[in-house]
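Chains, contacts and geometry: an overview
Residue strings, one per chain:
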Amino acid sequence: MDKLKLRRELKEQRAAITEQKRRENARAIRETLLDQPWVQMAGLVACYWSIGDEPDTHGLVFALWKHGATVMLPVLREDNDLDWAVYDGPDTLAPGRFGIMEPVDTRRGVDAVRTAALLIVPALAVDKDSGVRLGRGGGSYDRALARVGPNVPTVALLHDGELISGVPSEPHDRPVTWVAQPSGLTRVGSAAE
């Protein structure tokens, strides 16, 4: 299956998820991640501010911040790469490119993600065998994933049913090491071996 067709199918599935189920999913993902010692000990977390039908990260970002982590959120640049800025509470966000909420803090540069102890990224699906994620097609998060070290946990957030086999990949696609879904946390790809 090609990426465009798979994206279309996954977006249709996500559109059918009720608002109540989305809230339940967000709570389950947040609780699962916050229960992990390696998440609790991550002093600097690079995450994202969810939009639309993505698993909601707003409560997760707030909880990480309230538990003492420094949380960086992406700022989408004109070239579709990701700059990073520190989240300092819900009042420190403003609409950026495409209306996506971004921190108003000083931009730290595209390489700031290299210092993160944990990277949490969006995905439409992840291949359970390779860990390759299917994003929205801009390559922004593949660039971020390429910048973190091999020992940094990288987590894609998915709805149940989106951890699948056969996600098409290209040379620039970067795998994640974990998938967090409402049903639990799964180690994926070569990290699972």
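As the structure is a prediction and not an experimental result, all values here were calculated from the model. (Residues numbered from 1 in each chain as written. Predicted model: local features only at pLDDT ≥ 70, side-chain atom pairs only at ≥ 80, totals over all residues. Heavy atoms only, no water.)

A separate point is the overall build of the chain. On a plain count of helices and strands, the chain comes out with 5 helices and 12 strands. Along the first, second and third principal axes, the C-alpha atoms of the chain reach 40 × 35 × 35 Å. Scored against the burial criterion, the 193 residues of the chain give a buried share of 51%. Of all intrachain contacts in the chain linking residues separated by at least 6 positions in sequence, the fraction that spans at least 24 positions is 66%. Total accessible area on the chain is roughly 9200 Å²; 50% of this is exposed by carbon and sulfur atoms. (Helix = DSSP H or I, 4+ residues; strand = E, 2+ residues; numbered from the N terminus. Buried < 20%, exposed > 50% of the residue type's maximum accessible area, 1.4 Å probe, protein only. Contact = heavy atoms within 4.5 Å. Areas by Shrake-Rupley, 256 points an atom, 1.4 Å probe, with all protein chains shown as cover.)

Take the layout of surface pockets next. Volume-wise, the largest pocket comes out at about 610 Å³. Looking at the largest pocket, it is lined by 30 residues, and the ones nearest its centre are P122, R136, G138, S140 and Y141. (1 Å grid on protein atoms, 1.4 Å probe; cavity = no way out; pocket = protein on both sides within 12 Å on 5 of 7 lines; lining within 4 Å. Points joined across faces, edges and corners; volume = space filled by probe spheres on them.)

Now for the side chain of R7. As for its position among the elements, R7 is in helix 1 (residues 3-15). The buried charged residue R7 lacks any salt bridge, with E170 as its nearest oppositely charged partner at 6.4 Å. For R7, the residues in contact, after removing those within four places along its chain, are L124, L134, G135, R136 and G137. (Lys, Arg positive; Asp, Glu negative; His and termini not counted. Salt bridge = Lys/Arg side-chain N within 4 Å of Asp/Glu carboxyl O.)

Once that is clear, we can look at the packing of aromatic side chains. Under the definition given, this model contains 5 aromatic pairs. Ring centres of Y48 and Y141 lie 6.3 Å apart, and the angle between their planes is 70 degrees; this geometry places the pair in the edge-to-face category. Of this pair, Y48 sits in the loop between strand 1 (44-46) and helix 4 (58-66) while Y141 sits in helix 5 (residues 140-147); the two residues are 93 residues apart in sequence, bridging distant segments of the chain. For Y141, a relative accessible area of 14% corresponds to the buried category. (Phe/Tyr/Trp six-rings, centres within 6.5 Å; stacked < 30°, edge-to-face > 60°.)

With that settled, the discussion passes to the sheet that holds strand 7 (residues 125-127). Taken in spatial order, the 3 strands of this open sheet run 8-7-10, and their pairing is mixed. Strand pairing shows two members of the sheet lacking a second neighbour, strand 8 (133-134) and strand 10 (163-164), which therefore form its edges. Sheet analysis places strand 7 next to strand 10, joined by 2 bridges and oriented parallel. Bridge assignment links V126 to a residue of strand 10, and that residue is L163. (Pairing = 2+ DSSP bridges.)

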